[in-house]
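# Working through the structure, step by step
One-letter residues, chain by chain:
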Amino acid sequence: MSATGAAGLAGATGGDRLRVAGSILRRIAGVFVSVVLTFLGLTCVTFVIGRVVPIDPVLAIVGDHASDEVYQRVRAEIGLDLPIYAQYGRYLVKVLHGDFGTSVITSRPVLEDLLRVFPATIELSALALVIGIALGIPAGVIAAAHRGRWQDQLIRFASLLGYSMPVFWLGLVGLLLFYAKLGWVAGPGRVDTGFDDIVEPVTGLLTIDSLLAGETGVFWNALGHIVLPASILGYLSLAYVARMTRSFMLGQLGQEYILAAMAKGLSPARIIWVHALGNIWVQLVTVIALTFGSLLEGAVLTETVFAWPGLGLYMKNSLYNADLNAVLGGTILVGTVYILLNMLSDLTYPLVDPRARRTA
Amino acid sequence: MSKYRILAGLLGSALAMPFAASSWAETPKDTVVMAKKIDDIITLDPGECYELSGVEMLTNVYDRLLRYEAEDLTKLVGGVAESWTISDDGKTFTFKLRPNLKFQSGAPVTAEDTAFSLQRVAILNKTPGFLITQLGITKDNAKDLIKATDPHTLVLTITENYAPTLVLNVLTSIVASIVEKKAAMEHEENGDLGNAWLKTHSASSGAYKLLGWKPNESVSMEANPSFRLGAPKLKRVVVRHVPETASQRLLLEKGDVDIARDLTSDQLAAIAGNKALKTEEFAGSDTWYLALNQADERLKNPKVREAMRYLVDYQGMTASFLKGTFIVRQTFLPKGFPGALDYEPFKLDVAKAKSLLAEAGYPDGFEVRMDAQNTSPMTEISQSIQQTMGQAGVKVAIVPAELKQVLTVYRARKHEIVAVNWGPDYLDPHTNADAFVYNVDDSDNSKHKLPAWRTHWLIPELSAETLAAASEKDAAKREMMYHDLQKKSTDDGAFVFMFQPVFQVAEQAHVKGLVAGITSDLTFYRLITK
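Because the structure is predicted, anything quoted here is derived from the model rather than measured. Throughout, a residue's number is its position along its own chain's written sequence, starting from 1. Chains and ligands are labelled by the order in which they are written, letters from A for the one and numbers from 1 for the other. The model is predicted, so local features are restricted to residues of pLDDT at least 70 and side-chain atom pairs to those at 80 or more, both for listing and for counting; the totals for chains, interfaces and linings are taken over all residues.

## Some thoughts on the overall build of chain B
Per the convention used, a helix needs a DSSP run of H or I reaching at least four residues, while a strand needs a run of E reaching at least two, with both numbered from the N terminus. Helix and strand counts for chain B stand at 20 helices and 20 strands. Each radius of gyration is computed over the set of C-alpha atoms, and the globule rule expresses the reference value as 2.2 Å times the number of residues to the power 0.38. Over its C-alpha trace chain B gives a radius of gyration of 26 Å, about what one expects of a compact globule, namely 24 Å for 530 residues. Each principal axis of the C-alpha atoms in chain B carries an extent, and together these give about 85 × 75 × 40 Å. Sorting the 530 residues of chain B into buried and exposed places 51% on the buried side. Residue burial here comes from a neighbour count, namely the number of other C-beta atoms, placed from the backbone, that lie within 10 Å of the residue's own C-beta, with 20 or more meaning buried, 12 or fewer meaning exposed, and in between meaning partly exposed.

## Overview of the overall build of chain A
Of the regular secondary structure elements, chain A holds 17 helices and zero strands. Each principal axis of the C-alpha atoms in chain A carries an extent, and together these give about 85 × 70 × 45 Å. The buried share of chain A, taken over its 360 residues, is 41%. By definition, residue pairs are in contact when their C-beta atoms, positioned from the backbone, come within 7 Å. Restricting to contacts in chain A with at least 6 residues of sequence separation, those with at least 24 account for 71%.

## Things to note about the interface of chain A and chain B
Tallying the contact residues gives 47 residues for chain A and 48 residues for chain B. The set of elements that each furnish at least two residues to the side of chain A that touches chain B consists of α3 (57-62), α4 (68-77), α8 (167-181), α10 (216-253), α14 (300-305) and α15 (311-320) of chain A. Element by element, the count of residues in the side of chain A that touches chain B is highest for α8(A), at five residues.

## Examining the confidence of the model for chain B
All names here are of chain B. Averaged over all residues, the pLDDT of chain B equals 90, while 95% of them reach at least 70. Across the chain, each position has a pLDDT score giving the predictor's confidence in that residue, from 0 to 100. Taken element by element, chain B is modelled with least confidence in helix α1 (residues 2-15), mean pLDDT 45, and with most confidence in helix α12 (residues 302-309), mean pLDDT 97. This model gives residues 1-24 a pLDDT under 50, and the stretch forms 14 contacts once residues within four places in sequence are excluded. Interface confidence for the predicted complex, given as ipTM, is 0.70, next to a pTM of 0.79.

## Observations regarding the domain arrangement of chain B
All names here are of chain B. Bear in mind that the domain bounds are from an automatic or database domain assignment. According to the domain assignment, chain B contains domain 1 (31-232 + 509-524) and domain 2 (287-502). A separation of 32 Å is found between the C-alpha centroids of domain 1 and domain 2. Taken together, the contact between domain 1 and domain 2 spans 16 residues of the former and 15 residues of the latter. Sorting elements by how many residues they give to the side of domain 1 that touches domain 2 places helix α6 (residues 164-170) first, with five residues. In this count, Pro and Cys sit with the nonpolar residues alongside Ala, Val, Leu, Ile, Met, Phe, Trp and Tyr, while Asp, Glu, Lys and Arg are called charged and the others, Gly among them, polar. Its residues placed into classes, the side of domain 1 that touches domain 2 shows eight nonpolar, seven polar and one charged.

## Notes on the domain arrangement of chain A
By the assigned domains, chain A splits into domain 1 (2-96) and domain 2 (110-320). Taking the mean C-alpha position of each, domain 1 of chain A and domain 2 of chain A sit 30 Å from one another.

## Topic: the sheet that holds strand β5 (residues 92-97) of chain B
All names here are of chain B. Think of it this way: DSSP has to see at least two bridges between two strands before they count as a pair. The strand order β4-β5-β7-β6 describes an open sheet built from four strands, whose pairing is antiparallel. Since the sheet does not close on itself, it has two edges, and those belong to β4 (81-86) and β6 (146-150), each with one partner. Taking each pair of neighbouring strands and ignoring which way they run, the sheet shows an average axis angle of 25 degrees. Here an axis means a line fitted to C-alpha atoms, over the contact stretch when the element is a helix, while the angle between two N-to-C directions is reported on a 0 to 180 degree scale. The sheet contacts of helix α3 (residues 111-124) involve β5, β6 and β7 (153-157), and relative to β6 the element is tilted by about 175 degrees.

## A few points about the environment of Val35(A)
Residues and elements named next belong to chain A. Examined against the element boundaries, Val35 turns out to sit in helix α2 (residues 14-52). When the 15 C-beta atoms within 10 Å are taken as the criterion, Val35 is described as partly exposed. Put simply, Val35 and Ile339 are 304 residues apart on the chain and 7.6 Å apart in space, counted from C-alpha to C-alpha.

## Notes on the packing of α12(B) against helix α14 (residues 350-359) of chain B
Residues and elements named next belong to chain B. Where α12 contacts α14, the two axes come as close as 8 Å, and the packing angle between them is 165 degrees. The angle between α12 and α14 falls in the class roughly antiparallel. For α12 against α14, the interelement crossing comes out left-handed. Residues Lys303, Val304, Glu306 and Ala307 of α12 touch α14, and the partners they reach there are Ala353, Leu356, Leu357 and Glu359. Looking at side-chain class alone, the contact of α12 with α14 contains five nonpolar, no polar and three charged residues. These descriptions rest on fixed angle ranges, namely under 35 degrees for roughly parallel, over 145 for roughly antiparallel, 65 to 115 for roughly perpendicular, and the rest for oblique. Left-handed is the label given to a crossing in which the near helix is rotated counterclockwise from the far helix by less than a right angle, and right-handed is the label when the rotation is clockwise.

## Side note on helix α9 (residues 245-253) of chain B
Among the nine residues in α9(B), seven count as buried, and that is most of the element. At the C-terminal side of α9(B), Gly255(B) shows a positive phi close to 80 degrees.

## What to know about unusual backbone geometry
Residues and elements named next belong to chain B. Residue Pro377 follows Ser376 across a cis peptide bond; omega there is 0 degrees. Here Pro377 is to be found in the loop between β15 (367-373) and α15 (378-390). The phi angle at Asn100 is positive, at roughly 65 degrees, despite the residue not being glycine. Of note, Asn100 is situated in the loop between β5 and α3.

## Focus on the nonpolar core
Each nonpolar core consists of buried Ala, Val, Leu, Ile, Met, Phe, Trp, Tyr and Cys residues. Their C-beta atoms, within 7 Å, join them into a set. If you look at the biggest cluster of nonpolar residues, it comprises 242 residues, and the most contacted ones within it are Leu124(A), Tyr289(B), Leu290(B), Ala307(B), Leu311(B), Val418(B) and Met498(B). If you tally residues by element for this core, the top one is α10(A), at 20 residues. Not counting the four nearest positions on each side in its chain, Val418(B) is found in contact with Ala291(B), Met370(B), Asp371(B), Val406(B), Val409(B) and Tyr410(B).

## What to know about the pairing of strand β1 (residues 31-36) of chain B
Residues and elements named next belong to chain B. Among the six residues that make up β1, five are buried, leaving the element largely enclosed by the rest of the structure. Bridging between β1 and strand β10 (residues 236-241) involves six bridges; their strand directions are parallel. Bridge pairing in β10 places Thr31 opposite Arg236. Of the pairings in the sheet, the one linking β1 to strand β11 (residues 259-260) comprises two bridges and is parallel in character. When the sheet's bridge partners are listed, Met34 is paired in β11 with Ile259.

## Observations regarding the environment of Ser520(B)
Relative to the elements of secondary structure, Ser520(B) occurs in the loop between β19 (515-516) and β20 (523-524). Once you skip the residues sitting within four places of it in the chain, Ser520(B) turns out to touch Leu52(B), Val55(B), Glu56(B) and Thr59(B).

## Focus on the packing of helix α11 (residues 256-264) of chain A against helix α12 (residues 268-279) of chain A
Residue and element names in this part refer to chain A. Packing of α11 against α12 brings their axes to within 11 Å, and their N-to-C directions diverge by 145 degrees. Note on packing geometry: the crossing formed by α11 with α12 is right-handed. Contact with α11, carried on its side by Ile258, Ala261 and Met262, involves Ile271, His275 and Ala276 of α12 and no other residues of that element. Partitioned by chemical class, the residues of the contact of α11 with α12 number five nonpolar, one polar and no charged.

Quick look at the structure:
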């Protein structure tokens, strides 16, 4: 927002300038406070949930057969003998120092784990989102333009199906058809065993890293592995994007400027794809940002079916083992991403809406 | 409209992406690729590891002082040790090491390394630490009781009264894995004896060396060309974590994995007709049982306990939904275990159970809660029990929960009935006797919180017999003592022993040589060929 804000300031007087600067400062302070409060709430709720679940976290570390002595020592080591508010306080202090603790199930620092698993999820979700947008928006527009006719029915049916179908089932059927029967794509996992460990991680996105390293064999193999899970996640986001696009478009198509454009003799294609679509971008950007956020955290079942070593699988495993450090770390990561996405979509509004540029 | 054509074109090209099937239908020729659930691994340090998958990996990575080898799973032989002698009082064990053994680093395996490896288990005292400490070796006296007297001689002294066979059996377990002292100490942090580093690295002299462990993803290992029994046939083993068993099946069918370890019985049935695949059956070592809480007045009644044993349809379950994956087992030692007794006195008999309940003063039965794990097959087993107990008026309310929750309830002794399973710690009958027929202190502060304690079964007499069996030096007499303990606990214990699992491993038809014994300590990769 600062760039457009500066542009707006160019013609302002000194007093105005001060006032605007003050308001920007206030806004930044407001955002900061709300971010801090969100984080506090997030960690607090997760922490309490993690402590009230009837699972003994010590069991996850020492196993069922450990002696009482070992059990008690580990319990004290992870601070479970302290009252819950003291445990929470201890945790917060550590987090503020950038220490998310060590995961009990991987025995590595949680931060290191997250940095390792998160790129796999980003890669999957980003591709899914591209598929969702590239197909979902046109589908929504077409449905709205042909409201009530067969095109609309077909698209609404397909998107309802995508929205209500369990992703777990869809994943297995997809594997059965495209991997087992047709052999068009590769199976579960991120890359074939033979191609494993060839490329050093740079970005953590295997398709990009393999291209950077010039390993085209790895690239094609990785692409073969990602295309199916990404398509299935993409179908889910397509369903949502198409439905929302359709309803936004219907809102626009009923407006008077559309009538005016038609009266002017503009082609229906131009009216729909340029005028009407152009007016719903702001809403769409929000929808897309939220879709991306939900893809990041919502890939749990997809990652399980496809043995995809990403955040979803990591979080699921941590939850099952009451690995509180990992769960909290993951929650904070997802929360941060949501907040960043929200800010990012705010920043994009002026790009797609000229009015936002003027009033910044 | 031209837009449609563009859209159709996009869709079409997306569907016809050029992924030729042939590029990923085979695993590398020199590599075994195995699909298995391995998310239980939390460490690969043999002084700390106690999870089934982790122990299996380390069985293949580290050599041990003594072993049961893949070639004969029933015979105790030397691993790193070539021979051993036991003092007359049964307390001092002297091991002569094999000459010319080498670690993966190339350094020779010395008695100093073996002493260090055993000492560090007692000093670290992590989860498997009790295997060593139960012998009376603690972190304070470990360096005095475990000594290298010359480069090829290790002397170990125990302070507890234990049968020599028991001690030798413990020395075939995970804690007797031999770690290279120099490599471990080079990576020591804050006096951890290399623990942090060894979680993800190996310093071993076994059949393989560890290449890497990526949590929730894979464990890979590479053949050790200088392994004392000869280099493994295939150069690499990659164990891939595939959590969804249906995905494991697809990977196997497509040839992307050589071996799938966790297929369910319906998936195994579905691939039965596929000529490119085969299945092999291996007995498991777990005991699946019900524990009846003896703090509960009703369940404490011997007649009620006996009635409960007649209200489980053992044979009906193994003939139907457990077919091919479980066998009936009504004693606390699994079939194939040293000292195991084949004894199967119970079958479903509602009439008999009803009369026992009437004698006990419960002619109309009672209501009882049963905690049970919420995954298959425990769900089906508990439903079957609910149904058959219901026929005698015992109304079972099943409390399904995640396994760790069930164990938390059980360990806190808050159950009425709990349906769980138990795996032995090492290949000696004492491991399960200690769990099921030993409890001399039923207080909350007991040092010994295994199943008998957890279900409030206070048994001073049986416990004395368990201790006597553990220290009996005459092997034949010792076996008879375990037979007696099994019979007594099956007839009149606080447990209803039900089943033992059988594992089906599915593999490509040309894959041979996986050896899977009844415990993770006996699962060997080194003979696999394809």
